[in-house]
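In case you want the letters, here they are:
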Amino acid sequence: MRVFGNATAALGILLASQGAFAQGAKSVQFGCDAPKGHICHFMLSFGSGTGAKSFTVGGGMRTVVANVVPNIDSYMVAIDRDPPSNPEHCGLQFPCKRVFVNGGYNN
């Protein structure tokens, strides 16, 4: 029974931490400051460990992405191509930006 109790406590901690991420989640603005005719390719990584999301924004345009946790989630962005699959390679082979999401405008 004690092992089951420890597992239950661990599950409770996990669910509480996920709730904390959910409470900090908000809709955040992303934009592409590149000129018209170019496309910004974003790769948003969720700090909660729940995966990633890819999306594009046309040059001079903006969009809003929901359920993002500023200062926990991060993103990479590259112009006219996908960011590298390995975040450590961002900016090495071609221009790419890798930063934490902020609560305002992200580009």
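In this text the structure is predicted, and so the values were computed from the model without any measurement. (Residues numbered from 1 in each chain as written. Predicted model: local features only at pLDDT ≥ 70, side-chain atom pairs only at ≥ 80, totals over all residues. Heavy atoms only, no water.)

What follows concerns the packing of aromatic side chains. If you walk through the whole model with that rule in mind, you get five aromatic pairs. Relative to Tyr75, the ring of Phe30 has its centre 5.4 Å away and its plane inclined at 80°; by these criteria the two rings are edge-to-face. Within this pair, whereas Phe30 is found in strand E1 (residues 26-31), its partner Tyr75 is found in strand E5 (residues 74-79), the two being separated by 45 residues in sequence. In terms of burial, Phe30 and Tyr75 fall into one category: buried. (Phe/Tyr/Trp six-rings, centres within 6.5 Å; stacked < 30°, edge-to-face > 60°. Helix = DSSP H or I, 4+ residues; strand = E, 2+ residues; numbered from the N terminus. Buried < 20%, exposed > 50% of the residue type's maximum accessible area, 1.4 Å probe, protein only.)

This next bit is on the state of the cysteines. A complete count under the given rule lists two disulfides for this structure. With its sulfur 2.1 Å from that of its partner, Cys32 forms a disulfide with Cys40. Between Cys32 and Cys40 the disulfide shows an S-S torsion of about 65°. By sign, it is right-handed. We classify Cys40 as buried; its relative accessible area is 5%. One disulfide bridge connects Cys90 with Cys96, the sulfur atoms lying 2.0 Å from each other. Measuring the twist about the S-S bond at about -95°, one finds the Cys90-Cys96 disulfide to be left-handed. (Disulfide = S-S within 2.5 Å.)

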